[in-house]
Amino acid sequence: MTTRTTRPAPRLLTMGVAATLALGLLGEGAAADVLAASAATPSATATTTATSARPATPRGLRIAPAAETVTAYAYDGYVYLDSPAWLAAYDEGYEFRAERARPSGPVTLTKTVIRGKKRTTTTAPASIVDGLDGFRKGLSVQVATAQGTVLAKETRTLCLGGSERQRVQPTGRTEPVYPEFCGGNWFTRSTVSGVEQGWAARIDGYFEVQTTRKDLVLTMSISKPVAEFLGIPAGNRTLRQKVTVEDECELFECGEVADQLLGEPAEGFSTQADDARTDRAQALRAQGGAHGTHGAGPGAGHRVNLFTLREGGQQHGDHPALGQAGTAPSSRRPARDTLPDLVSAPAWQIGTEVDEAGTDRLTFNANEWNAGPAPLVVEGYRRGAAEVMDAYQFFYRDGKEVGSTRTGSMKYHDAPAHDHWHFLDFASYELVRPNGRLVTTSGKQSWCLAPTDPVDLSVPGAAWRPEATGLDSTCGDRSALWLREVLPVGWGDTYNQTQTQAFDLTGVPNGTYRIRITANPNGTLHERTRSNNVSLRTVVLGGRPGARTVQVPPYQGVDTEVPEEDQ
């Protein structure tokens with residue numbers, strides 16, 4: 001049991017500066033210095049470097065040739081760099097599955113090598129598995145001077161599933177199929193990552209180092225035990241690149257750069273860091289293919305939100321994963337195979353705070369997810385000039401729209417950090433006594449649905465790349481006529497309840513209570529079953545007004561209020 005008086009990090013952090021950073025912090029040259037979409041091949045020397053000589057490529061995973069020189073930028077006494085380094089899959093694909101039976105259970109990580117229709121699966125030794133996050137101590141990153149003086153070195157988890165992909169052969173799939181990340185939240189059961197045949201995934205080569213030196217060398221190495229499991233030969237496990245450092249303030253207005261580097265709490269898809277420097281790191285990681293190495297806020301041992309919005313806070317394009325049917329007949333009684341299954345996860349990252357008005361509040365994270373087999377798709381159609389929309393649930397089979405029916409409403413939320421539309425009938429958050437009697441409700445009464453957390457990517461119909469559903473219409477602005485909110489199969493939507501959205505503890509005496517989270521509380525959404533819609537999490541309140549405390553007993557053997565590495 002852990003006593004907590006701190007507040008959890010805000011739900012979401014907009015990282016819409018990513019596109020600007022690509023040209024600013026990393027430079028146009030670095031943005032262009034990526035592996036060409038051709039039959040590139042790694043060198044056979046002990047250390048891989050960029051080269052025009054490209055010998056025959058052996059089959060398997062290899063560090064792909066990269067630019068000999070990396071452009072980095074100096075700002076405020078620090079140098080920020082992000083190497084365009086890639087791990088490529090030549091002539092065969094690689095799929096990795098991480099699974100656990102319960103939150104406190106061990107994670108099993110398997111590798112499947114795919115050669116045409118043949119699939120060969122091997123289980124990784126527990127010693128190289130870092131939970132759901134990838135391969136433990138699989139990658140070392142070092143920054144040194146040209147004379148060999150090491151300025152900084154870090155060993156980190158290796159995730160083979162970055163957000164950036166490049167083709168390296170004209171064979172294989174024309175588009176990637178695996179998720180853009182590794183990791184999940186406390187209650188994630190199964191994740192999938194991988195590198196498709198003929199594709200390369202970007203290695204997490206981001207680094208920041210406090211120095212004024214301009215003659216730097218970046219070295220990245222895959223550890224011997226991880227490389228042996230992946231089948232990477234000894235001559236292809238290390239990449240060295242020269243670093244050219246440019247002064248950011250000579251190229252841009254420093255004040256503008258500082259604003260770009262510092263994340264601001266808003267509705268995006270990444271948790272908030274605990275200080276400004278880590279926020280800068282996250283901004284660069286968002287551009288460079290990070291897999292969720294977020295700041296260590298209270299209870300932040302597991303990742304919470306794994307996406308970043310594109311430039312301007314939007315993703316563009318249609319919704320190809322949802323298909324097109326032309327017409328959508330009304331479906332008062334939709335078929336079971338076209339329905340989602342909404343499941344409520346227990347609350348976590350629970351704390352106390354005193355809000356801006358001086359009110360004691362109980363803060364928490366909440367997640368409701370879709371166990372499938374069909375996506376939850378809700379669309380809103382504006383009712384004249386009023387700031388309200390009539391909501392309809394749409395039903396899909398094999399990616400094709402087969403029906404729809406009216407379900408609830410959407411309203412425009414005119415408030416700071418919101419200013420967008422919310423669906424009103426998705427969930428309810430309540431603080432109750434052990435006997436179930438209601439004490440108070442959360443101020444959160446509406447939702448802008450989007451996939452923030454993978455919960456179980458092994459369930460039938462799970463979406464491995466939910467960004468393909470399109471997020472451009474999820475929340476909308478004041479002028480919107482139409483919205484589409486999607487919760488793909490296998491995914492949940494995490495909201496952090498703070499300030500007025502948290503529980504008001506005014507007049508609530510110390511003692512034992514439960515946080516009750518209910519998905520689809522009014523039954524307005526069609527789903528396969530409502531038997532798993534309610535979750536309960538015990539909390540013990542203490543302290544005095546202005547300094548309330550909360551104790552949170554472990555759930556199924558795991559203490560969600562302490563970072564995993566501290567347990």
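Student: Any details on the state of the cysteines? Residues and values, ideally.
Tutor: Under the definition given, this model contains 1 disulfide. Here cysteine 159 pairs with cysteine 182 through a disulfide, and the sulfurs are 2.0 Å apart. Where cysteine 159 bonds to cysteine 182 through sulfur, the torsion about that S-S bond is close to 85°, and the disulfide is right-handed. Placement of cysteine 159 in the loop between strand E11 (150–158) and strand E12 (165–167) and of cysteine 182 in the loop between E12 and strand E13 (190–195) is noted, with a sequence separation of 23 residues between them. With respect to burial, cysteine 159 and cysteine 182 carry one shared label: buried.

Student: Describe the sheet that holds strand E9 (residues 118–123), with residues and values.
Tutor: One open sheet accounts for 4 strands, arranged E9-E8-E7-E13; its pairing is antiparallel. Edge positions in the open sheet fall to E9 and E13, since each of these has one partner strand only. Put simply, the sheet's adjacent strands are angled 20° from each other on average, direction ignored. In this sheet, E13 lies alongside strand E7 (residues 93–99) in antiparallel orientation, the contact comprising 6 bridges.

Student: An account of the side chain of glutamate 196 is needed here, citing residue identities and associated values.
Tutor: Looking at where glutamate 196 falls in the secondary structure, it is placed in the loop between E13 and strand E14 (199–202). When neighbours within four sequence positions are excluded, glutamate 196 is seen to be in contact with Ala89, Gly93, Arg165, Pro176, Val177 and Tyr178.

Student: I'd like a description of the side chain of glutamine 497, backed by residues and values.
Tutor: Tracing the backbone through its elements, the reader meets glutamine 497 in strand E30 (residues 491–497). Excluding anything up to four places from it in sequence, glutamine 497 contacts Thr363, Phe364, Tyr429, Ser442, Lys444 and Ala502.

Conventions used here
Residues numbered from 1 in each chain as written. Predicted model: local features only at pLDDT ≥ 70, side-chain atom pairs only at ≥ 80, totals over all residues. Heavy atoms only, no water. Disulfide = S-S within 2.5 Å. Helix = DSSP H or I, 4+ residues; strand = E, 2+ residues; numbered from the N terminus. Buried < 20%, exposed > 50% of the residue type's maximum accessible area, 1.4 Å probe, protein only. Pairing = 2+ DSSP bridges. Axes fitted to C-alpha atoms, helices over the stretch in contact; angles between N-to-C directions. Contact = heavy atoms within 4.5 Å.

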